[in-house]
Amino acid sequence: MKRVEGKVAVVTGGALGIGRAACLLLAREGARVAVTDIIDKEGGEVVEEIRRSGGLAQYWHVDTSNEDEVRDAFSNIASEFGSIDILVNNAGIAGVNKPTHEVYEEEWDKVMGVNVKGVFFCTKHAIPCMKKAGGGSIINMSSIYGIIGAADLPPYHASKGAVRLMTKNDALLYGKDNIRVNSIHPGFIWTPLVQELAKDSPDGVGAFRDQLDSLHPIGHVGEPEDIAFGVLYLASDESRFVTGSELVIDGGYTAQ
Ligand code: NAP
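First, a word on scope: everything that follows refers to the structure included in this document. As the structure is a prediction and not an experimental result, all values here were calculated from the model.

**Things to note about the overall build of the protein**
So, step 1. Counting its secondary structure elements, the protein contains eight helices and seven strands.
So, step 2. By the compact-globule yardstick of 18 Å for 256 residues, the protein fits well, its C-alpha radius of gyration being 17 Å.
So, step 3. Taken along the three principal axes of its C-alpha coordinates, the protein extends 50 × 35 × 35 Å.
So, step 4. A burial count over the protein gives 52% of its 256 residues as buried.
So, step 5. Sequence-distant contacts in the protein: of pairs separated by 6 or more residues, those separated by 24 or more amount to 69%.
So, step 6. About 11,800 Å² of surface is accessible on the protein, with carbon and sulfur atoms providing 53% of the total.

Quick look at the structure:
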């Protein structure tokens, strides 16, 4: 028996990076996967890859900051696949990197719109399906930057801190419905999001990566699969007694 055999998983931001790795692994372990994102070509490619390996997947365009898109897509996913058992609230953006007193309101709102409101909209529209199915697992992608500060990216830190607490509150609200809600807190993972930050670095990509590696006691940054295995555990029934918890996967970054 595969670890999430027969379950239906929705992954937001599933076209690249951590979301992509989560889609591939959940499908390999038997889930039917709704790959959702705003970049349709790359999202379609993830679906093709899953199907080539014998898995079941379909792509939906979902901007998580747009409630109408979330509502329509989740309703289509539930009728196409029969239910929603697993929601991976993964879509997120880094936003501007400047000190708090220089951040414009629009820049603040943009990050909150995706990283916080997106999690709210997706959770809101997945819960009725999960209640109908008799339970479910929601996995919210926070960050080590939802636990500690780093003197950069002010809206991002605020957003990831909010996701950490939304997770605990929803865990309390929906425990009686057999819906578990947990957060994952990755250290630096070498994904397109971080590669973009590297490209903007005045020191160059190589030096940027060396610097990031040195921040993690284990000696290097993580790969998307390192987080996908955490997603799989929280998605599966192996974690049936786990809710409201924070799964830190950070190569020791926050142990210091
Ligand atoms: P990524 O490589 O940028 O991939 C994220 C995907 O989400 C991209 O396809 C992106 O599209 C998409 N996306 C952006 N805005 C969206 C929206 N409004 N609706 C739906 N999809 C949207 O990011 P990642 O590094 O894999 O990060 C995934 C999650 O992990 C994020 O929540 C991030 O904050 C969190 N995280 C990452 C790290 C890390 O080091 N990588 C560490 C801690 C936490 P575009 O490419 O068009 O933006």
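**Some remarks on the packing of helix α3 (residues 67–81) against helix α4 (residues 105–133)**
So, step 1. Where α3 contacts α4, the axes come no closer than 9 Å and their chain directions differ by 30 degrees. Classed by the angle they form, the pair α3 and α4 counts as roughly parallel. Of the two possible hands of crossing, α3 and α4 adopt the one that is right-handed. Of the residues in α4, those in contact with Glu67, Val70, Arg71, Phe74 and Ala78 of α3 are Phe121, Cys122, Lys124, His125, Ala126 and Cys129.
So, step 2. In terms of residue class, the contact of α3 with α4 is made up of seven nonpolar, one polar and three charged.

**Some points on the sheet that holds strand β6 (residues 179–186)**
Picture the strands of a sheet paired through backbone hydrogen bonds; they go either parallel or antiparallel.
So, step 1. Reading across from one edge, β3-β2-β1-β4-β5-β6-β7 is the order of the seven strands in this open sheet, with parallel pairing throughout. Two strands bound the open sheet, and with one partner strand each, they are β3 (56–61) and β7 (246–249). If you compare each strand with its neighbour and ignore which way they point, the axes differ by 20 degrees on average.
So, step 2. Contacting β4 (86–89), β5 (136–141) and β6, α4 crosses the sheet at an angle of about 180 degrees to β4.

**Some words on the pairing of β6**
Two faces, one strand: in a regular strand the side chains alternate between the faces of the sheet.
So, step 1. Taken across its eight residues, β6 has eight buried, putting it largely inside the fold.
So, step 2. Burial of β6 is two-sided: the residues Ile179, Val181, Ser183 and His185 facing one way and the residues Arg180, Asn182, Ile184 and Pro186 facing the other way are all buried.
So, step 3. Pairing of β5 with β6, which is carried by six bridges, proceeds in the parallel orientation. Paired with serine 137 across the strands is arginine 180, a residue of β6.
So, step 4. Tracing the backbone out of β5, into helix α5 (residues 154–174) and back to the parallel element β6 gives a crossover that is right-handed.
So, step 5. Direction of pairing for β6 relative to β7: parallel, over a ladder of four bridges. Each residue of the ladder has a partner; that of histidine 185, found in β7, is valine 248.

**So, the nonpolar core**
So, step 1. In this structure, Leu26, Val33, Val35, Ile50, Ile139 and Val231 are the most contacted members of the largest nonpolar core, which totals 31 residues.
So, step 2. Mapped onto this core, the elements with two or more residues apiece are β1 (8–11), α1 (17–28), β2 (32–37), α2 (40–52), β3, β4, β5 and α8 (224–235).
So, step 3. Top contributing element to this core by residue count: α1, with seven residues.
So, step 4. The contact partners of isoleucine 139, leaving out residues within four places of it in the chain, are Ile86, Leu87, Val88, Asn89, Asn182, Ile184, Val231, Leu234 and Ala235.
So, step 5. Of all hydrophobic cores here, the second largest spans 24 residues; its members include Ile77, Phe81, Ala171 and Tyr174.

**Things to note about the site of the ligand**
So, step 1. Taken together, 28 residues lie near the ligand, and Asp37, Asn90, Tyr156, Ile189 and Thr191 sit nearest.
So, step 2. Leucine 193 has a polar backbone atom sitting 3.3 Å from an oxygen atom of the ligand.
So, step 3. In isolation the ligand offers 880 Å² of accessible surface; the protein chains occlude 89% of this area.
So, step 4. Listing elements by their share of the shell around the ligand, those giving two or more residues are α1, α5 and α6 (192–199).
So, step 5. Of the residues forming the shell around the ligand, the biggest block, three residues, is contributed by α6.
So, step 6. The residue inventory of the shell around the ligand, partitioned by class, reads 16 nonpolar, nine polar and three charged.

What counts, and at which threshold
Residues numbered from 1 in each chain as written. Predicted model: local features only at pLDDT ≥ 70, side-chain atom pairs only at ≥ 80, totals over all residues. Heavy atoms only, no water. Helix = DSSP H or I, 4+ residues; strand = E, 2+ residues; numbered from the N terminus. Rg over C-alpha atoms; globule rule 2.2 N^0.38 Å. Buried < 20%, exposed > 50% of the residue type's maximum accessible area, 1.4 Å probe, protein only. Contact = heavy atoms within 4.5 Å. Areas by Shrake-Rupley, 256 points an atom, 1.4 Å probe, with all protein chains shown as cover. Axes fitted to C-alpha atoms, helices over the stretch in contact; angles between N-to-C directions. Parallel < 35°, antiparallel > 145°, perpendicular 65-115°, else oblique. Left-handed = near helix turned anticlockwise from the far one by under 90°. Nonpolar A, V, L, I, M, F, W, Y, C, P; charged D, E, K, R; others polar. Pairing = 2+ DSSP bridges. Right-handed = clockwise from strand over helix to strand, strands pointing away. Core = buried A, V, L, I, M, F, W, Y, C linked by side-chain atoms within 4.5 Å. Near = heavy atom within 4 Å. Polar contact = N/O pair within 3.5 Å; in protein donor to acceptor, adjacent residues only side chain to side chain.

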